[in-house]
Amino acid sequence: MINPFLHLEKSAKAHPERVAISTVDADLTFAELLDSSVRIAKLLRDRGVTRGDTVGTHLPPIMDLVISEALFHEACIGAQIPADHPELVADVFDWLIVGTAVAWFPPDRQIVVDDEFMANSSLVVAVPNPLKYESVHSLCRLSFTSGTTGVPKAIPVSIDCMEDRALDRTSQWMPSRPYLCLLGLSTGLTFMSFYFHVFAGETFILAGQGPEVLDQIDRHGVTCLMASPFQLGVLLEDARHDERGFDTVATVMSAGSVLPDAIVTGLAERFDATILATYASTEAGSVAIRHGVGSINGLAGTLLPDVDVKIVGENFETLEDGSIGLVAIKRARQPQEYLDNSAATSEFFRDGYFLPGDLGYLDGRDLYLAGRASEVFNAAGVKVDPARVEAVAREFEGITDAAVFGFTPANGLQEICMFYTSRNPIDQASLATLMHRRLHETAPSKYVRVPSIARNHMGKVNRTQLAEQFASIVVKSAKSEPQR
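Just so you know, these numbers come straight off a predicted model, no measurement behind them.

Peer 1: Is there a simple way to think about the sheet that holds strand 26 (residues 446–449) in this case?
Peer 2: Two orientations exist for strands paired in a sheet by backbone hydrogen bonds: parallel and antiparallel. The mixed open sheet is built from three strands, whose spatial order is 24-25-26. Only two strands of the sheet have a single partner each, and these edge strands are strand 24 (399–407) and strand 26. Within the sheet, the average angular offset between the axes of one strand and its neighbour, ignoring direction, is 25 degrees. Packed onto the sheet, helix 13 (residues 386–393) meets strand 24 and strand 25 (415–422) and runs at close to 150 degrees relative to strand 24.

Structural data, given as structure tokens:
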């Protein structure tokens, strides 16, 4: 199999009238998906898109999926662009396909999907004739890291890697169907779900926003749900105000960050479902799965059977069970580099292993986490693990979310700062007392209540953005102070 588009051809032939993509507002059958993608592929070819080109998309979800199949047809390398990083986009992509033209990319390398484009596609006469990729090891897709502490990095995904994760290891991240993933098309997991559903000739469900998620669960009888902890928190609140039973939901899975115990308990009570937390990365895929509450002594989960994990020291020496060190992950056909980024590749990939930046230890096949080395920062000589500080903050009554970050004021001494959310005002003095009693020198010196905390599509805190937000608060505060 040297073009994933062949999966769509097969399913469209077997189930032409079956719904391929279901959204809140519209459905697309397999016959329609095939026809639309072939027509658009012809338009792309006429514009100059050629085999092997790297093409970024920024479109509404259903159109993004149609374009993704068109790019497969043309043996291209597709990806959703990290829109907040134009400097990265210019370095990575040969073409952009967007809903509205952007100013920071060459106009002659942009294809705008507007009314005129769609009208032209309806006039195209074309039949499926997918180009061949050179081999099963050819790149067919790019994924991007979260970029929570810097610029996202592009991860090349080959056909055999996609086949391995989306088809051979499906049960690891999709124990039952109908399945609904809320993580967004820019994540590898959601796109793999789309890839699998096309292969299997089954309906891929796009959830929508807010209560629309519950509508899709009810409409399709979803049995397995995957989302970030933040998304699950929002879903739980919506479900508590919805009288429907949602009896089909048997499994709720989380990915991206720690799943708070209160959300675990609430989901289990509301949906009467098994709650699973996954430890995974875009680079390595699913690594470990844990049942139940979110913070059992730092347990990330039990390693999946086909995953090799070892704990290493600073010189990549293997440490004994129980010793804390860097987590190193190896599995078949995982990527071994970041695209055109030798410095990051040498830092995070070594001897066939991927190092996600987590600190942890092993007890047999159980993996425990002890912080995230890549997010630890030095505040005036004190090393701070944000995850540990945030866990203590969430114990304070009334706090619904918390995020810790470093901020460097004019004196050059980095401070520990924390944003938090709460439904009602809280006693900050009591919060500070708790934090200092539990954390001593790693307790924050600044606490700010905010309406929401910046997170990415995986629910991970964007600490760079929080520091910038805090800087703007400091500037506004300084301007509002009376002049002496």
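Text resumes after the structure shown.
Peer 1: For this particular structure, what's the right way to read the pairing of strand 26?
Peer 2: Residues in a regular strand point their side chains to alternate faces of the sheet. Relative to strand 26, strand 25 is paired through four bridges, and the arrangement is parallel. Within strand 26, the position partnered with Met-418 by the bridge is Tyr-447. The β-α-β motif built from strand 25, the intervening helix 14 (residues 428–439) and the parallel element strand 26 has right-handed crossover chirality.

Peer 1: Looking at this model, I keep getting lost on a negative patch on the surface. Mind explaining?
Peer 2: A cluster of acidic side chains, namely Glu-87, Asp-91, Glu-337 and Asp-340, defines a negative patch on the protein surface. Its place among the elements puts Glu-337 in the loop between strand 17 (325–330) and helix 12 (342–348).

Peer 1: I keep staring at the nonpolar core and nothing clicks. Help me out?
Peer 2: The biggest cluster of nonpolar side chains holds 81 residues, and the ones touching the most others in it are Ile-97, Val-309 and Leu-367. If one sorts the elements of this core by residue count, helix 2 (residues 30–47) sits on top with eight residues. If we ignore the near neighbours within four places in the chain, the residues touching Ile-97 are Leu-44, Val-55, Gly-56, Thr-57, His-58, Leu-59, Ile-67, Leu-71, Ile-111 and Val-113. In this structure, Ile-205, Leu-232, Leu-259 and Ile-275 belong to the second largest nonpolar core, which totals 24 residues.

Peer 1: What should I look at first to understand helix 3 (residues 61–73) in this one?
Peer 2: An α-helix turns once per 3.6 residues; consequently, residues spaced three or four apart project the same way. The first and last C-alpha atoms of helix 3 sit 19 Å apart over 13 residues, in line with the 18 Å expected at 1.5 Å per residue. Summarising burial for helix 3: eleven of the 13 residues are buried, a large majority. For helix 3, the full list of buried residues reads Met-63, Asp-64, Leu-65, Val-66, Ile-67, Ser-68, Glu-69, Ala-70, Leu-71, Phe-72 and His-73. Directly beyond the C-terminal end of helix 3, a positive phi value near 55 degrees is found at Ala-75.

Peer 1: How should the packing of helix 3 against helix 8 (residues 188–200) be read in this particular structure?
Peer 2: As a packed pair, helix 3 and helix 8 sit with axes 12 Å apart at the nearest point and diverge in direction by 70 degrees. Considered as vectors, helix 3 and helix 8 are oriented roughly perpendicular to each other. Of the residues in helix 8, those in contact with Leu-65, Ser-68, Glu-69 and Phe-72 of helix 3 are Phe-191, Phe-194, Tyr-195 and Val-198. Across the contact of helix 3 with helix 8, the residue classes break down as six nonpolar, one polar and one charged.

Peer 1: Can you help me understand the packing of aromatic side chains in this one?
Peer 2: For the structure on display, the rule yields 17 aromatic pairs. Centre to centre, the rings of Tyr-338 and Phe-348 are 6.1 Å apart; their planes meet at 80 degrees, and the pair counts as edge-to-face. In this pair, Tyr-338 is assigned in the loop between strand 17 and helix 12 and Phe-348 in helix 12, connecting sequence segments ten residues apart. Side by side, Tyr-338 and Phe-348 carry an identical accessibility label, which is buried. With a centroid separation of 5.8 Å and 65 degrees between ring planes, the pair formed by Phe-405 and Phe-470 is classed as edge-to-face. Linking Phe-405 in strand 24 with Phe-470 in helix 15 (residues 463–480), this pair joins segments that are 65 residues apart in sequence. On the accessibility criterion, Phe-405 (1% relative accessible area) is buried. By the ring-pair criterion, three or more aromatic residues cluster together here, those being Phe-72, Phe-191, Phe-194, Tyr-195 and Phe-204. Lying across the ring of Phe-199, Lys-10 places its NZ or CZ 5.1 Å from the centre. A cation over an aromatic ring shows up here: Arg-141 above the ring of Phe-191, its NZ or CZ 3.7 Å from the ring centre.

Peer 1: Looking at this structure, I do not really get the side chain of Arg-169. What am I missing?
Peer 2: Among the structural elements, Arg-169 can be located in the loop between helix 6 (159–168) and helix 7 (170–173). Note on Arg-169: relative accessible area 9%, which makes it buried. With sequence-adjacent residues up to four places away left out, Arg-169 is seen in contact with Asp-164, Asp-306, Arg-331, Ala-332 and Arg-333.

Peer 1: Just to check I follow, could you spell out the pairing of strand 5 (residues 95–98) for this structure?
Peer 2: In strand 5, alternate side chains face the same way, and those of Trp-95 and Ile-97 on one face and Leu-96 and Val-98 on the other are all buried. Bridge analysis of strand 3 (residues 54–58) against strand 5 gives four bridges, and the strand direction is parallel. Its bridge partner lying in strand 5, Val-55 is registered against Trp-95. Sheet analysis places strand 5 next to strand 6 (residues 110–112), joined by three bridges and oriented parallel. For Leu-96, the partnering residue across the bridge sits in strand 6 and is Gln-110.

Peer 1: Any chance you could explain the sheet that holds strand 1 (residues 19–22) here in plain terms?
Peer 2: Spatial strand order, 2-1-10: three strands in an open sheet with mixed pairing. The outermost strands of the open sheet, each flanked by one partner alone, are strand 2 (27–29) and strand 10 (204–205). One ladder, built from two bridges, connects strand 1 with strand 10; its direction is parallel. When the bridges of strand 10 are listed, Ser-22 appears paired with Ile-205. Packing of helix 2 onto the sheet brings it into contact with strand 1 and strand 2, and relative to strand 2 it is tilted by some 80 degrees.

Peer 1: How should I be thinking about unusual backbone geometry in this particular structure?
Peer 2: Trans peptide bonds make up the majority, and among non-glycine residues the majority have a negative phi. In this structure, Pro-178 follows Arg-177 across a cis peptide bond, with omega equal to 5 degrees. One non-glycine residue with positive phi stands out, namely Asp-272, at about 50 degrees. Position of Asp-272 relative to the elements: it lies in the loop between helix 11 (261–271) and strand 13 (274–281). The exposure class of Asp-272 is exposed, given its relative accessible area of 67%. At Asp-351, a position not held by glycine, the phi torsion is positive, near 50 degrees.

Rules and cut-offs
Residues numbered from 1 in each chain as written. Predicted model: local features only at pLDDT ≥ 70, side-chain atom pairs only at ≥ 80, totals over all residues. Heavy atoms only, no water. Pairing = 2+ DSSP bridges. Helix = DSSP H or I, 4+ residues; strand = E, 2+ residues; numbered from the N terminus. Axes fitted to C-alpha atoms, helices over the stretch in contact; angles between N-to-C directions. Contact = heavy atoms within 4.5 Å. Right-handed = clockwise from strand over helix to strand, strands pointing away. Patch = residues over 30% accessible without salt bridge, like charges linked within 9 Å, V, L, I, M, F, W, Y side chains within 5 Å. Areas by Shrake-Rupley, 256 points an atom, 1.4 Å probe, with all protein chains shown as cover. Salt bridge = Lys/Arg side-chain N within 4 Å of Asp/Glu carboxyl O. Lys, Arg positive; Asp, Glu negative; His and termini not counted. Charge placed at Lys NZ, Arg CZ, Asp CG, Glu CD. Core = buried A, V, L, I, M, F, W, Y, C linked by side-chain atoms within 4.5 Å. Buried < 20%, exposed > 50% of the residue type's maximum accessible area, 1.4 Å probe, protein only. Expected span 1.5 Å × (residues − 1). Parallel < 35°, antiparallel > 145°, perpendicular 65-115°, else oblique. Nonpolar A, V, L, I, M, F, W, Y, C, P; charged D, E, K, R; others polar. Phe/Tyr/Trp six-rings, centres within 6.5 Å; stacked < 30°, edge-to-face > 60°. Lys NZ or Arg CZ within 6 Å of the ring centre and 35° of its normal.

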